[in-house]
Number of protein chains: 2
Amino acid sequence: MASKSRCDVGDPAGFFADLVRCETRLYNALNDRLRDRHGIVTSQFEFLSFLREHPGARVADLATEFAVGIGATSKGVDRLAKQGWVLRQPNPSDRRSSLLTLTEDGMRLVEAARNTYTERLAELLDAILVGSPFAAAAQVLSQLRATLERDQIGMPAG
Amino acid sequence: MASKSRCDVGDPAGFFADLVRCETRLYNALNDRLRDRHGIVTSQFEFLSFLREHPGARVADLATEFAVGIGATSKGVDRLAKQGWVLRQPNPSDRRSSLLTLTEDGMRLVEAARNTYTERLAELLDAILVGSPFAAAAQVLSQLRATLERDQIGMPAG
DNA sequence: TCGATTTAGATGCCACGGCATATACTGTAC
DNA sequence: GTACAGTATATGCCGTGGCATCTAAATCGA
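Predicted, not measured: the structure shown is a model, and the values here were computed from it.

### Here's the deal with the protein's contact with DNA strand D
Working step 1: Neighbouring DNA strand D are 26 residues, the closest being Ala60, Gly71 and Ser97 of chain A together with Gly71 and Gly158 of chain B.
Working step 2: Among the elements of the structure, helix H3 (59-66) and helix H4 (70-82) of chain A together with helix H4 (70-82) of chain B are those that each provide at least two residues to the surface near DNA strand D.
Working step 3: Residue composition of the surface near DNA strand D, grouped by class: eight nonpolar, ten polar and eight charged.

### Focus on helix H5 (residues 104-129) of chain A
Residue and element names in this part refer to chain A.
Working step 1: Over its 26 residues, H5 extends 35 Å from the first C-alpha to the last, a length consistent with the 38 Å expected when each residue adds 1.5 Å.
Working step 2: Along H5, the helix axis deviates most sharply at Glu123, where the bend reaches about 35°.
Working step 3: Within the sequence span of H5, burial applies to Gly106, Leu109, Val110, Ala113, Tyr117, Leu121, Leu124, Leu125 and Ile128.

### Side note on the relation of the copies chain B and chain A
Here two copies of a chain appear, and what relates them is a rotation about an axis with a shift along it.
Working step 1: By a simple turn and slide, chain B fits onto chain A: the slide is 0.0 Å along the axis, the RMSD is 0.0 Å, and the turn is 180°. When the rotation and shift are considered jointly, the pair of chain copies conforms to a two-fold rotation axis. When each C-alpha of chain B is compared by its distance to the rotation axis, Ala137 of chain B comes out closest, at 1.9 Å.
Working step 2: A shared binding surface is used by both copies, with 100% of the interface residues of chain B retained as interface residues in chain A.

### Digging into the nonpolar core
Working step 1: Within the largest apolar cluster, 83 residues are counted, with the highest numbers of intra-cluster contacts made by Leu48 and Leu141 of chain A together with Leu48 and Leu141 of chain B.
Working step 2: In this structure, Leu48 of chain B is in contact with Leu80, Trp85, Leu102, Gly106, Leu109 and Val110 of chain B, ignoring residues within four places of it in sequence.

### A closer look at the interface of chain B and chain A
Working step 1: Listed as interface residues are 49 residues of chain B and, on the opposing side, 49 residues of chain A.
Working step 2: Of all elements in the fold, only helix H1 (12-38), helix H5 (104-129) and helix H6 (134-150) of chain B reach the threshold of two or more residues within the side of chain B that touches chain A.
Working step 3: Among the elements that line the side of chain B that touches chain A, the one with the most residues is H1 of chain B, at 16 residues.
Working step 4: Of the residues contributing to the side of chain B that touches chain A, the split by class is 32 nonpolar, twelve polar and five charged.

### A short note on the packing of helix H1 (residues 12-38) of chain A against H6 of chain B
Working step 1: Two numbers describe how H1 of chain A lies on H6 of chain B: the axes approach to 9 Å, and their chain directions differ by 45°. By the angle between their axes, H1 of chain A is oblique relative to H6 of chain B. In the crossing of H1 of chain A with H6 of chain B, the sense of the turn from one axis to the other is left-handed. Residue-level inspection shows Phe15, Asp18, Leu19, Arg21, Cys22 and Arg25 of chain A of H1 of chain A in contact with H6 of chain B, the latter providing Ala138, Leu141, Ser142, Leu144, Arg145 and Leu148 of chain B.
Working step 2: Classifying every residue of the contact of H1 of chain A with H6 of chain B gives seven nonpolar, one polar and four charged.

Rules of the game
- Residues numbered from 1 in each chain as written.
- Chains lettered and ligands numbered in written order.
- Predicted model: local features only at pLDDT ≥ 70, side-chain atom pairs only at ≥ 80, totals over all residues.
- Near = placed C-beta within 6 Å.
- Helix = DSSP H or I, 4+ residues; strand = E, 2+ residues; numbered from the N terminus.
- Nonpolar A, V, L, I, M, F, W, Y, C, P; charged D, E, K, R; others polar.
- Expected span 1.5 Å × (residues − 1).
- Bend = angle between axes of the 7 residues up to and from the residue.
- Buried ≥ 20, exposed ≤ 12 C-beta atoms within 10 Å, placed from the backbone.
- Least-squares fit on C-alpha atoms with pLDDT ≥ 70 in both.
- Contact = placed C-beta atoms within 7 Å.
- Core = buried A, V, L, I, M, F, W, Y, C linked by C-beta atoms within 7 Å.
- Axes fitted to C-alpha atoms, helices over the stretch in contact; angles between N-to-C directions.
- Parallel < 35°, antiparallel > 145°, perpendicular 65-115°, else oblique.
- Left-handed = near helix turned anticlockwise from the far one by under 90°.

Listed below in structure tokens is the structure:
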């Protein structure tokens, strides 16, 4: 029902519908588990995780990575800072921006949450990982993502 | 970078990250185009489109389909009704619920928006549809979606 | 038939993102 | 150096969703 796959070109609408539904449900399921165990939601985990891998990143870097508006990103960082997980340090080479780093608490949190996240995600995707052309799907999504990012498609205004 | 694809099981986290990023950007891009041309956003188009294909559906049917809370769905339907696109008709066999249908205006709107939607989506996915194992990816997503829906994973509370 | 449970949906409060705008700083032209 | 365009981000207003709660109606049990 979902993907009718006409011969030439596939079914973009069906593909996209499946994409959105999967994303929604997986995101919700991860939210539940992360909130339950660590008191954060997936979007917060993603911010923290990015900062763990990119210490000293700026607000704009987060906004670009996640295709979220700068304003929303700024507010999100504010909330993480208010919880004592993220530190804004003045940027010596540009006083308009701050360099963001995880605090000790933030580091501990993201390490713990990462286990939960990885584990839950493996559970959720387990059924699909075996006996499916999973690698092909991963490659398609990876390539699609790269194209969208290269062309800056879907970046919000603010 | 995105999907490192270990041999045995793939990279669930990378797969999911790509999934979310693609969904975000495609959704944003469709929002822009639909808002510009028809004054609605993708979530509204999806509701209207579902009602076109399922006249007489109830609020709970929309909530289940889109994995959105019942409360939020009720409010969304309210807004569509306030615009004169959706009609709530009393359900003769259960007075707690209403049967939802599109008005004439709603039908005209969804027909027009569907062209925009399909066309823009084809543009966005065009690069990926050629020269990629697209069918395999579609199949993986379709199967994943079916599994998540069967197990009612990721349904919000309200 | 009547009370208890369940179900459908509506509503209130809150968190969060989009967008527009304001603010502070930077680089550039003169 | 000073005005001016550009950049980085912070803030305010609004729309929307989650969750908890409320009501009405259906269903179940004795």
